[in-house]
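Structural features, examined
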Amino acid sequence: MAETHVLFVEDDDVIREATQLALERDGFAVTAVPDGLTGLEAFRAKQPDIALLDVMVPGLDGVSLCRRIRDESTVPVIMLSARADSIDVVLGLEAGADDYVTKPFDGAVLVARIRAVLRRFGHASGGRAGGGQPEPTPEGGVLVFGDLEVDTEGMEVRRGGAQVGLTPTEMRLLLEFSSAPGTVLSRDKLLERVWDYGWGGDTRVVDVHVQRLRTKIGQDRIETVRGFGYKLRA
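Described below are features of the structure shown in this document.

Before going further, it helps to spend a moment on helix α5 (residues 107-120). In this model, α5 (14 residues) spans 20 Å end to end at C-alpha, consistent with the 20 Å of a helix rising 1.5 Å per residue. Taken as a whole, α5 has its buried residues at L110, V111, R113, I114, A116, V117, L118 and R120. Where α5 is buried, its residues meet α1 (13-25), β3 (50-54), β4 (77-81), β5 (99-102), α6 (168-178) and α7 (187-194). For α5, the N-terminal cap is D106; the gap from its side-chain oxygen to the backbone nitrogen of A108 is 2.8 Å. At the exit of α5 stands G122, carrying a positive phi of roughly 90 degrees.

This is the structure in structure tokens:
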């Protein structure tokens, strides 16, 4: 089984080298670069399994780099931000990142978050296991909600007959909603089921992904239930 390949873009030499060593000790292959333009070149050349992008890097900032990656691939992206309350966190998620980690971070926490993302994308910890797509739900079949069709076996979504391109995280989120249409799902429950958080997480991750999903399947398809969470309109 091949090692999982991590692209790590970080301009701080100490953080970059220490984090690379820590990830390699945990069995990951790491390509570490100091700026965004080099990161984009490395992404295209190396085709990594996951990208860790610091928000504030020279040349091409992390948010812009995330957008460029997302234009070309659904590979998982984790943003690294120095401030948990920074607007950069939301900008990174809106650009297509799947998760974020606040700096300074504990190496064990970073590895746990990487492995949680990889599990969602069909990769095993420290290696590859599958093609990076969500596993089918037990029910199988095609679920229909108005003009929206969710093929839980083929992992495809169509709206008005046209295929909708979703990232694996967005697909998992939609599968959670479509498995219980009309049922309110709390942000904490979605963090647990979709992001594999066994601990409290930042619910902004859920909110931004719901908004991204709405832009693709219809703004009115997912309803906000204030004070409780979200539900899919049947």
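Burial analysis of strand β1 (residues 5-9) places five of its five residues in the buried class, which makes it a mostly covered element. Neither face of β1 is open: one carries H5, L7 and V9, the other V6 and F8, and all of them are buried. Here β1 runs beside strand β2 (residues 29-33); their pairing, made up of five bridges, is parallel. The residue bridging V9 from the neighbouring strand is V33, located in β2. Each parallel crossover has a hand, and the one from β1 via α1 to β2 is right-handed. Across four bridges, β1 lies against β3 in parallel orientation. Paired with L7 across the two strands is A51, which belongs to β3.

In spatial order, the strands read β2-β1-β3-β4-β5; together these five strands make up an open sheet with parallel pairing. Every interior strand has two partners, whereas the edge strands, β2 and β5, have only one. In this sheet, adjacent strand axes meet at a mean angle of 20 degrees when their direction is disregarded.

Quick look at the environment of Y230 now. On the secondary structure map, Y230 appears in strand β11 (residues 229-232). In sequence terms Y230 and V210 are 20 residues apart; their C-alpha atoms lie 8.6 Å from each other. At a separation of 3.3 Å, a polar atom in the side chain of Y230 contacts the side chain of R187. Within the local environment of Y230, its side chain forms a polar contact with the side chain of D207, the two groups lying 2.6 Å apart.

With that out of the way, let us pick up the nonpolar core. Counting residues in each nonpolar core, the largest one holds 51 residues, and the members touching the most others are L53, M79 and F177. Per-element accounting of this core gives the leading share, six residues, to helix α8 (residues 204-217). Among all residues touching L53, those that are not within four sequence positions of it are V9, G62, L65, C66, I69, V77, I78, M79 and L80. Core analysis: the next-biggest nonpolar cluster, separate from the first, contains 16 residues, F8, L80, L118 and F121 among them.

Before going further, it helps to examine the pattern of salt bridges. Applying the stated rule across the entire model yields 19 salt bridges. The salt bridge partner of R159 is D147, with a shortest N-O separation of 3.7 Å. Separated by twelve residues along the polypeptide, R159 in strand β8 (residues 156-159) and D147 in the loop between β6 (142-145) and β7 (148-151) bring together distant segments of the chain. Put simply, E156 and R158 hold a salt bridge, and the shortest N to O gap is 3.3 Å.

Criteria and thresholds
- Residues numbered from 1 in each chain as written.
- Predicted model: local features only at pLDDT ≥ 70, side-chain atom pairs only at ≥ 80, totals over all residues.
- Heavy atoms only, no water.
- Helix = DSSP H or I, 4+ residues; strand = E, 2+ residues; numbered from the N terminus.
- Expected span 1.5 Å × (residues − 1).
- Buried < 20%, exposed > 50% of the residue type's maximum accessible area, 1.4 Å probe, protein only.
- Contact = heavy atoms within 4.5 Å.
- Polar contact = N/O pair within 3.5 Å; in protein donor to acceptor, adjacent residues only side chain to side chain.
- Pairing = 2+ DSSP bridges.
- Right-handed = clockwise from strand over helix to strand, strands pointing away.
- Axes fitted to C-alpha atoms, helices over the stretch in contact; angles between N-to-C directions.
- Core = buried A, V, L, I, M, F, W, Y, C linked by side-chain atoms within 4.5 Å.
- Salt bridge = Lys/Arg side-chain N within 4 Å of Asp/Glu carboxyl O.

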